[in-house]
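# Report on the structure
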Amino acid sequence: MKKSQILLIYTGGTIGMKEDSENKSLQPFNFNQITKEVPELKKINCVIDAVSFEKPLDSSEVNYEFWEEIGDNIFDNYYNYDGFVVLHGTDTMSYTACALSFMFRNLEKPIILTGSQLPIGMVRTDGKENLITAIEIASAKRNNESLVKEVAIYFEYQLFRGNRTTKVSSEHFDAFMSYNYPALAEIGVEIKYNLNNILVQKSKQLTYNKGFNPNVLVVFFYPGIVINQILKLMKDNSSNVIILYSFGSGNLPSSNELYSFIKDVTNSNKVFLNASQCAAGSVDQNKYEGGRLLRNVGVVGMKDMTIEAIIVKSMFLLNKFPNDKQKFLEFITKDLAGELSE
Ligand code: ASP
């Protein structure tokens, strides 16, 4: 069988670091010499081309322009490769995975993101295994077709749908979880694909859409929050989308001031979304009085999407429908790339 061609894109993060022998600090290494650092790559049955971003970033510095730069790199090379592996800092990897999943629709090839908790140049690194398995997954085919046709995150023996993930640990090797959607593959002695969980694309026609509008505000609620303060914050803010980060299945402390503010403002171009601080489960505004009152003033429940997916999807749709609130609302509650269960 023909060897798969893989494009490896290094964008930054811990994985591409090496300890400086003199002062022991972590420094990015020259990624074009990746096979020197990971000689095992030569043994994988595929052809790997590696490119590195000119200025690799710690992923806490990543913004939507960086998502687009990654997207452009993939799109420009889409027809030259069988699969793509993006090396990325773990801190905001889930957001980037969401962005890529909304930008690329009807993928016929895998885009696998991975990274590591320890730099690849350290003895106990998790980076080598993550990198090698991510490449194996990106090259996996059956009947000449890629097995995974979506944006996914591979980390510590599990492959997840990217837009369902959340980073849950800054110290354990299994740093990512997907609470509302099962793993796409589990990795042990063999790579066991859960084919029923992998996205089936509706059409073969790839589309690539860039553009994000970051005019989104997230308001984090907690017991004892001073409602007047958040009302002031929201009044002074020009964001078009306000995400109320609520409790449980979408409840907030009841406040007539809050309801009347939302009711007045929802008549303008602003949109209020209800996202839950619970990592697992779904927002259901019909379940409790707190949720019902929000629904009555026009707040829209975000179902079982992760907070990362809600933020990135809002930025994406806001750019697409800047003056069309109805269209925004139609698509925010619709499944675009497997990010929500309908
Ligand atoms: N701060 C790093 C980053 O997200 C952490 C990592 O790569 O794991 O870029």
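Attention in this report is confined to the structure presented alongside it. If you're wondering where the values come from, they're calculated on a predicted model, not measured in any experiment. (Residues numbered from 1 in each chain as written. Predicted model: local features only at pLDDT ≥ 70, side-chain atom pairs only at ≥ 80, totals over all residues. Heavy atoms only, no water.)

## Things to note about the overall build of the protein chain
When helices and strands are counted, the protein chain shows nine helices and 20 strands. Relative to its length of 342 residues, the protein chain is compact, with a C-alpha radius of gyration of 21 Å against a globular reference of 20 Å. Across its three principal axes, the protein chain shows a C-alpha extent of roughly 65 × 50 × 35 Å. Taking all 342 residues of the protein chain together, 55% fall into the buried category. Accessible surface, the protein chain: about 15800 Å² in total, of which carbon and sulfur atoms supply 47%. (Helix = DSSP H or I, 4+ residues; strand = E, 2+ residues; numbered from the N terminus. Rg over C-alpha atoms; globule rule 2.2 N^0.38 Å. Buried < 20%, exposed > 50% of the residue type's maximum accessible area, 1.4 Å probe, protein only. Areas by Shrake-Rupley, 256 points an atom, 1.4 Å probe, with all protein chains shown as cover.)

## Focus: the pattern of salt bridges
Considering all chains together, one arrives at 13 salt bridges under this definition. One salt bridge connects Asp236 with Lys232, and the closest N-O pair in it is separated by 2.8 Å. In this structure, Asp236 and Lys232 share a single accessibility class: exposed. A salt bridge links Lys334 to Glu330; its shortest N-O distance comes to 3.6 Å. Connected through salt bridges with shared partners, the residues Glu108, Glu145, Lys149 and Lys204 form a single ionic network. (Salt bridge = Lys/Arg side-chain N within 4 Å of Asp/Glu carboxyl O.)

## As for the environment of Phe66
Take Phe66: it is sitting in helix H2 (residues 64–76). It is 8.8 Å that separates the C-alpha atoms of Phe66 and Thr96, two residues lying 30 residues apart in sequence. Residues contacting Phe66, with those up to four places away along its chain left out, are Thr11, Phe53 and Leu57. (Contact = heavy atoms within 4.5 Å.)

## Examining the packing of helix H3 (residues 93–103) against helix H8 (residues 307–320)
Contact geometry for H3 and H8: axes closest at 9 Å, N-to-C directions at 45°. It follows that H3 is oblique to H8 by the angle criterion. Once H3 is placed against H8, the crossing between them reads as right-handed. Along the contact surface, H3 presents Ser94, Tyr95, Cys98, Ala99, Phe102 and Met103, while H8 presents Glu308, Ala309, Ile311, Val312, Lys313 and Phe316. (Axes fitted to C-alpha atoms, helices over the stretch in contact; angles between N-to-C directions. Parallel < 35°, antiparallel > 145°, perpendicular 65-115°, else oblique. Left-handed = near helix turned anticlockwise from the far one by under 90°.)

## Re the site of the ligand
Around the ligand, the neighbouring residues are Gly13, Thr14, Asp58, Ser59, Gly89, Thr90, Asp91 and Ser116. Here the ligand, which alone exposes 270 Å², has 89% of that area covered by the protein. Of the residues contributing to the shell around the ligand, the split by class is no nonpolar, six polar and two charged. (Near = heavy atom within 4 Å. Nonpolar A, V, L, I, M, F, W, Y, C, P; charged D, E, K, R; others polar.)

## Focus: the nonpolar core
Core analysis: the biggest nonpolar cluster contains 60 residues, and Phe104, Ile111, Ile243, Leu273 and Phe328 have the highest contact counts within it. Sort the elements by how many residues they give to this core and H8 lands first, with nine residues. Once residues within four sequence positions are removed from consideration, Phe328 is found in contact with Val241, Val271, Leu273, Ser314, Leu317, Leu318 and Phe321. Counting residues in each nonpolar core, the second largest holds 33 residues, with Phe29, Ala152, Tyr154 and Tyr193 among its members. (Core = buried A, V, L, I, M, F, W, Y, C linked by side-chain atoms within 4.5 Å.)

## A short note on the packing of aromatic side chains
Using the criterion set out here, one finds 13 aromatic pairs in the structure. Within the aromatic cluster, the residues linked to one another by ring pairs are Trp67, Phe102, Phe212 and Phe316. Positioned above the aromatic ring of Tyr78, the side-chain terminus of Lys109 is 4.8 Å from the ring centre. Between Lys334 and the ring centre of Phe331, over which it is positioned, the NZ or CZ distance is 4.9 Å. (Phe/Tyr/Trp six-rings, centres within 6.5 Å; stacked < 30°, edge-to-face > 60°. Lys NZ or Arg CZ within 6 Å of the ring centre and 35° of its normal.)

## Remarks on unusual backbone geometry
For Asn106, which is not glycine, the phi dihedral falls at a positive 60°. If you trace the backbone, Asn106 turns up in the loop between strand S6 (104–105) and strand S7 (111–114). You can call Asn106 buried: its relative accessible area is 15%. Even without a glycine there, the phi angle at Glu156 is positive, about 45°. Positionally, Glu156 belongs in the loop between strand S10 (151–155) and strand S11 (158–161).

## Thoughts on helix H7 (residues 289–296)
Those residues of H7 that fall on the buried side of the exposure criterion are Gly290, Gly291 and Leu294. Viewed along the axis of H7, the buried residues span an arc of 95°, placing them on a single side of the element. Next to the buried residues of H7 lie strand S18 (241–246), helix H6 (256–266) and strand S19 (271–276). One or two positions beyond H7, positive phi appears at Gly298, with a value near 105°. (Arc of directions from axis to C-beta.)

## Side note on the pairing of strand S1 (residues 4–10)
Burial of S1 is extensive: six of the seven residues sit out of reach of the surface. When S1 meets strand S4 (residues 46–52), the two strands line up parallel, connected through seven bridges. From the neighbouring strand, Ile6 faces S4, where its bridge partner is Ile48. One ladder, built from five bridges, connects S1 with strand S5 (residues 83–87); its direction is parallel. (Pairing = 2+ DSSP bridges.)

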